[in-house]
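# What the coordinates show
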Amino acid sequence: MNVTGNPSLHPDGSLVFVGDEEGGLLALDSMSGNVIWAVAAYGAIRGTPVVSFDGRTVLAASADGVLYCLSTLDGTYLPPSLPPSLPSCFPPLVSPSLLPSLPPSLPPSLPPSLP
């Protein structure tokens, strides 16, 4: 694991979230350092993951142009949500085809972006 960016702490202090250069987003037990869950992205996660104020969601942007929106409990992808529930997210939020410097297609395991 080659951790990049800064770690983020869950609001209750129980978990630490880190990204790595190999494209992993990991939730670690803040006391033991044991991996609770890990999710593979299709690109490096170089920035700092962001945890929602209520502690239910972690967001991480990867070099593949996808903003991953995951449950802090188990790392599952979260479905889109509509206001007033925040944050509203859907992996991916931005289709790489809209950004010329990124790959033109999405990984097959991710749902298509919203119109």
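Bringing the overall build of the protein into the picture now. Along the backbone of the protein there are 0 helices and 7 strands. Of the regular secondary structure in the protein, the N- to C-terminal order runs β-β-β-β-β-β-β. Within the protein, the proportion of its 115 residues that are buried is 41%. Intrachain contacts of the protein at a sequence separation of at least 6 include 32% that bridge at least 24 residues. Within the structure as shown, the protein displays about 6,300 Å² of accessible surface, and the carbon and sulfur contribution to it stands at 65%.

Here we take up the sheet that holds strand 7 (residues 67–71). Taken in spatial order, the 3 strands line up as 5-6-7 in an open sheet, and their pairing is antiparallel. Each edge of the open sheet carries a strand with a single partner, namely strand 5 (50–51) and strand 7.

This next bit is on the pairing of strand 6 (residues 57–61). The buried fraction of strand 6 amounts to 4 of the 5 residues, a majority that puts the element mostly inside the structure. In this structure, strand 5 lies alongside strand 6, joined through 2 bridges in antiparallel fashion. Its bridge partner being in strand 6, Val51 is matched across the sheet by Val58. Once strand 5 ends, the chain turns through 5 residues before running back antiparallel as strand 6, passing Gly55 with a positive phi of about 80 degrees. Summarising the sheet, strand 6 and strand 7 pair through 5 bridges and their orientation is antiparallel.

On to the pattern of salt bridges. Counted by the stated rule, this structure contains 2 salt bridges. Its salt-bridge partner being Glu21, residue Arg46 comes within 2.9 Å of it at the nearest N-O pair. Of this pair, Arg46 sits in the loop between strand 4 (35–40) and strand 5 while Glu21 sits in the loop between strand 2 (15–20) and strand 3 (24–29); the two residues are 25 residues apart in sequence, bridging distant segments of the chain. Judged by its relative accessible area of 30%, Glu21 falls in the partly exposed class.

Moving on: the packing of aromatic side chains. Inspection of every chain in the model, using the stated rule, returns 2 aromatic pairs. Between Phe17 and Trp37 the ring centres are 6.0 Å apart and the planes differ by 45 degrees, which places this aromatic pair in the tilted class. Taken together, the positions of Phe17 in strand 2 and Trp37 in strand 4 put the pair 20 residues apart, joining distant regions of the chain. Like Trp37, Phe17 is buried. Taking 6.0 Å as the distance between ring centres and 35 degrees as the angle between the ring planes, the aromatic pair formed by Tyr68 and Tyr77 counts as tilted. Looking at Tyr77, the relative accessible area reads 35%, which means it is partly exposed.

Moving on: the pairing of strand 1 (residues 3–9). With 4 bridges joining them, strand 1 and strand 2 adopt antiparallel strand pairing. Bridged to Val3 within strand 2 is Asp20.

About the cut-offs
Residues numbered from 1 in each chain as written. Predicted model: local features only at pLDDT ≥ 70, side-chain atom pairs only at ≥ 80, totals over all residues. Heavy atoms only, no water. Helix = DSSP H or I, 4+ residues; strand = E, 2+ residues; numbered from the N terminus. Buried < 20%, exposed > 50% of the residue type's maximum accessible area, 1.4 Å probe, protein only. Contact = heavy atoms within 4.5 Å. Areas by Shrake-Rupley, 256 points an atom, 1.4 Å probe, with all protein chains shown as cover. Pairing = 2+ DSSP bridges. Salt bridge = Lys/Arg side-chain N within 4 Å of Asp/Glu carboxyl O. Phe/Tyr/Trp six-rings, centres within 6.5 Å; stacked < 30°, edge-to-face > 60°.

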